[in-house]
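# Observations on the model geometry
If you want the building blocks of each chain, they are given just below.
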Amino acid sequence: MSDGEVAGHRHNDCSQPQEVKQTRQEILRYGHKGILTMNTGAKMENITTLRASFAPPKKTGVRLQGLRTELLERRIAQLVRDKIQAEQNPPLPQADFASVTQRDFRVEGFVPQPSKNNRLHDYTTEQAISYWSENFQRIQGVTPVECPNTPFRKSAQFSTPIGELREDMAHYL
């Protein structure tokens, strides 16, 4: 025998074993022949020791309880099951899916009315009206305003030397 071959025994019948050479690769792929059984062509049995020892009980075909008792037991079991499920799974609170807009600004009975325009406005040339544009005098740290209609225009007064300021700005100094 060479190094890659292993001797195995094949039995056609129980009395006379025959020696069959298997390579190491065949042994790793298919396993050793004849270790568990001598009859390699035999079919496996369907029954196990567990199935043979613990067979389920056979029904007698005769009613062991009355129909009324059986229905009563089912009803009691259903009531207990419902009670336990209600304790373990309380009903969810009602979810409020209203947004802030729906809750705060959509009041029942309110009818929106568009405002009446007293004069025409051009949004491309006029400055927008806001809280800060109306109260620009109260803002601290803002460059003095030359024209009250446009309080937030660009101004270089903060960097202009004092000697070069115009006379109309003298009252701010």
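Residues numbered from 1 in each chain as written. Predicted model: local features only at pLDDT ≥ 70, side-chain atom pairs only at ≥ 80, totals over all residues. Heavy atoms only, no water.

## Focus: the overall build of the chain
Inclusion rule: Secondary structure follows DSSP: runs of H or I at least 4 residues long count as helices, runs of E at least 2 residues long count as strands, and numbering of each begins at the N terminus. Here a residue-residue contact requires only that any non-hydrogen atoms of the pair lie within 4.5 Å. Computed with a 1.4 Å probe, the accessible areas rest on the Shrake-Rupley method; for each residue, only the protein chains presented here act as cover.
Secondary structure assignment for the chain yields five helices and two strands. Listed by position from the N terminus, the elements making up the chain come as β-β-α-α-α-α-α. In the chain, of all internal contacts separated by at least 6 residues, the share reaching a separation of at least 24 is 11%. Of the roughly 17,500 Å² that the chain leaves accessible, carbon and sulfur atoms contribute 54%.

## A word on the confidence of the model for the chain
Note the following rule: pLDDT measures the predictor's confidence residue by residue and takes values from 0 up to 100.
Overall, the prediction assigns the chain a mean pLDDT of 77, with 74% of residues at 70 or greater. Taking the mean pLDDT of every element in the chain, the minimum, 48, falls on strand 1 (residues 5-11) and the maximum, 95, on helix 3 (residues 67-88). Low pLDDT, under 50, characterises residues 1-6; the stretch is placed with 14 contacts to residues that sit more than four places away or in other chains.

## Describing a nonpolar patch on the surface
Under the convention used in this document: Surface patches are defined over residues having more than 30% relative accessible area and no salt bridge, joining like charges when they lie within 9 Å and nonpolar side chains (Val, Leu, Ile, Met, Phe, Trp, Tyr) when within 5 Å. Here, a salt bridge means any side-chain nitrogen of Lys or Arg that lies within 4 Å of a carboxyl oxygen of Asp or Glu.
A surface patch of nonpolar side chains, about 350 Å² in accessible area, is lined by Leu72, Ile76, Val80 and Ile84. Here Leu72 lies in helix 3.

## Describing the pattern of salt bridges
Condition: Each residue is assigned to one of three classes by its accessible area relative to the maximum for its type, calculated with a 1.4 Å probe on protein chains only: buried under 20%, partly exposed between the two thresholds, exposed over 50%.
Here the structure, examined in full by the defined rule, presents three salt bridges. Notably, a salt bridge pairs Arg63 with Glu70, separated by 2.7 Å at the nearest N-O pair. A residue is classified by how much of its surface remains accessible, and Arg63, at 51% relative accessible area, is exposed. Its relative accessible area of 24% is what places Glu70 among the partly exposed residues. The salt bridge partner of Asp96 is Arg103, with a shortest N-O separation of 3.8 Å. Taken together, the salt bridges that share partners define one network made up of Arg63, Glu70 and Arg74.

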